[in-house]
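# Topology and contacts: notes
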Amino acid sequence: MATTEEVQSWLQVMALNDSYYGATIADKLKVVKARPGAVVFELLVDGPMLNFAGSIHGGLLATLVDECTTFAIMSAGHKPGLSVDITVQYLSTAKEGETISVAATLDKAGHNMAFARCVVGLKGSDKIIATGSHTKFLNVKL
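A brief report on the enclosed structure follows.

## As for the side chain of serine 55
Positionally, serine 55 belongs in the loop between strand S2 (38–44) and helix H3 (58–75). A polar contact is formed between the side chain of serine 55 and the side chain of threonine 93, at a distance of 3.1 Å. Ignoring any residue separated from it by four or fewer positions in sequence, one finds serine 55 in contact with Met49, Leu50, Thr93, Ala94 and Lys95.

Following this line, the structure appears as structure tokens:
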């Protein structure tokens with residue numbers, strides 16, 4: 001079971017791995033709090049995260065759903081597993097200089113599968129930017 005400090009240390013290790021896609025945001029994510037099965041992150045939206053319209057890119061939001069729900073799964077003592085399904089619902093947007101909050105929770109995990117979800121919102125408001133769900137296969141033999 002992971003603490004806030006442990007999850008932040010996982011992010012630091014990921015940020016050093018240039019071959020890992022998640023490294024593109026790992027050094028920018030801040031862990032606000034963590035408990036087994038739930039992690040809250042914050043992220044300051046900056047230039048490289050924007051689309052042509054000047055708002056947060058949908059691909060970045062999908063990456064946040066992937067990464068943050070995986071950390072929620074890992075915080076409960078499970079391996080990261082392999083993605084089976086990721087769904088993102090885009091509800092609003094964030095602009096450069098705004099801070100977003102990502103609350104990820106593990107709904108259920110068994111021997112083979114885990115089901116997690118998250119809500120991405122504008123920090124300090126009730127504005128929901130996106131929601132997402134993530135199903136992972138845990139029983140990976142590498």
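## Concerning the packing of helix H1 (residues 4–15) against H3
Two elements in contact, H1 and H3, have axes separated by 11 Å at closest approach and are oriented at 130 degrees. As the angle between them shows, H1 and H3 are arranged oblique. For the pair H1 and H3, the crossing hand works out as right-handed. Contacts from Val7, Trp10, Leu11 and Met14 in H1 reach Glu67, Phe71, Met74 and Ser75 in H3. For the contact of H1 with H3, the per-class residue count stands at six nonpolar, one polar and one charged.

## So, the pattern of salt bridges
Overall, the coordinates contain three salt bridges when judged by the stated rule. With a closest N to O distance of 3.6 Å, aspartate 46 and lysine 28 form a salt bridge. Here the residue aspartate 46 occupies a position in the loop between S2 and H3, and lysine 28 occupies one in the loop between helix H2 (23–26) and strand S1 (30–35), the gap between them amounting to 18 residues. In this structure, arginine 117 and aspartate 107 form a salt bridge, with 2.6 Å as the shortest nitrogen-oxygen distance. With arginine 117 in strand S5 (residues 113–122) and aspartate 107 in strand S4 (residues 99–109), this residue pair connects regions lying ten residues apart in the sequence. Aspartate 107 gets classed as partly exposed once you look at its relative accessible area, which sits at 42%.

## Some words on the pairing of strand S6 (residues 128–137)
In terms of strand pairing, strand S3 (residues 82–90) meets S6 through eight bridges, oriented antiparallel. The residue bridging leucine 82 from the neighbouring strand is phenylalanine 137, located in S6. In this antiparallel pair of consecutive strands, S5 and S6, the connection spans five residues, and glycine 124 shows a positive phi of 80 degrees.

What counts, and where the lines are drawn
- Residues numbered from 1 in each chain as written.
- Predicted model: local features only at pLDDT ≥ 70, side-chain atom pairs only at ≥ 80, totals over all residues.
- Heavy atoms only, no water.
- Helix = DSSP H or I, 4+ residues; strand = E, 2+ residues; numbered from the N terminus.
- Polar contact = N/O pair within 3.5 Å; in protein donor to acceptor, adjacent residues only side chain to side chain.
- Contact = heavy atoms within 4.5 Å.
- Axes fitted to C-alpha atoms, helices over the stretch in contact; angles between N-to-C directions.
- Parallel < 35°, antiparallel > 145°, perpendicular 65-115°, else oblique.
- Left-handed = near helix turned anticlockwise from the far one by under 90°.
- Nonpolar A, V, L, I, M, F, W, Y, C, P; charged D, E, K, R; others polar.
- Salt bridge = Lys/Arg side-chain N within 4 Å of Asp/Glu carboxyl O.
- Buried < 20%, exposed > 50% of the residue type's maximum accessible area, 1.4 Å probe, protein only.
- Pairing = 2+ DSSP bridges.

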